[in-house]
Amino acid sequence: QVQLVESGGGLVQAGGSLRLSCVASGRPFNQYAMGWFRQAPGKERTFVAFISTGGGITRYADSVKGRVTISRDNAKNMVYLQMNSLKPEDTAVYYCAAKMNNLFTTTASSFGSWGQGTQVTVSS
């Protein structure tokens, strides 16, 4: 089990940028692949980005590809989501999540640990 806490959300104008952060504790961080998901009001939780245990493999949802970058710093137990060229449709609560192997998946149920979420609001 690993505990996750997100931060960095806020209110930003369309076209602006935010960097979300997630810090892990409780278990060795480098054993976990990490993902970011988001959930807008009245919508299902959807996949945003994935990064392998060592950071060498990344995957993105088509809706954000080219605008976001996932990265990690295993020495600091941190994973990040840099978000640029933000759009109003990016408005959602963003969650980081951890899984125990490096198989890429967009399925939320494959991730065993979740943070509390951080709100991102993009104004038009």
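Above: the structure in question.
Residues numbered from 1 in each chain as written. Predicted model: local features only at pLDDT ≥ 70, side-chain atom pairs only at ≥ 80, totals over all residues. Heavy atoms only, no water.

Draft legend 1. Broad picture of the environment of Lys76. Among the structural elements, Lys76 can be located in the loop between strand 7 (68–73) and strand 8 (78–83). Residue Lys76 is classed as exposed on the basis of its relative accessible area, which comes to 55%. For the pair Lys76 and Ala24, spaced 52 residues apart in sequence, the C-alpha to C-alpha distance is 8.7 Å. (Helix = DSSP H or I, 4+ residues; strand = E, 2+ residues; numbered from the N terminus. Buried < 20%, exposed > 50% of the residue type's maximum accessible area, 1.4 Å probe, protein only.)

Draft legend 2. The pairing of strand 3 (residues 18–25), seen in detail. As defined by bridge partners, strand 1 (residues 3–7) adjoins strand 3 across five bridges and the pair is classed as antiparallel. Looking at strand 3, one finds that Gln3 is bridged to Ser25. Across six bridges, strand 3 lies against strand 8 in antiparallel orientation. Paired with Cys22 across the bridge in strand 8 is Val79. (Pairing = 2+ DSSP bridges.)

Draft legend 3. Seen up close, the pattern of salt bridges. For the structure shown, the criterion picks out three salt bridges. The residue Asp62 makes a salt bridge to Lys65 at a minimum N-O spacing of 3.3 Å. Lys65 shares its class with Asp62; the two are exposed. Each of Arg38, Arg67 and Asp90 takes part in a single network of salt bridges with overlapping partners. (Salt bridge = Lys/Arg side-chain N within 4 Å of Asp/Glu carboxyl O.)

Draft legend 4. Here's a closer look at the side chain of Thr53. Along the chain, Thr53 falls in the loop between strand 5 (46–51) and strand 6 (58–60). Those residues in contact with Thr53, other than ones at most four positions away along the chain, are Asn30, Gln31, Tyr32, Ala33, Arg72, Asn74 and Asn102. (Contact = heavy atoms within 4.5 Å.)

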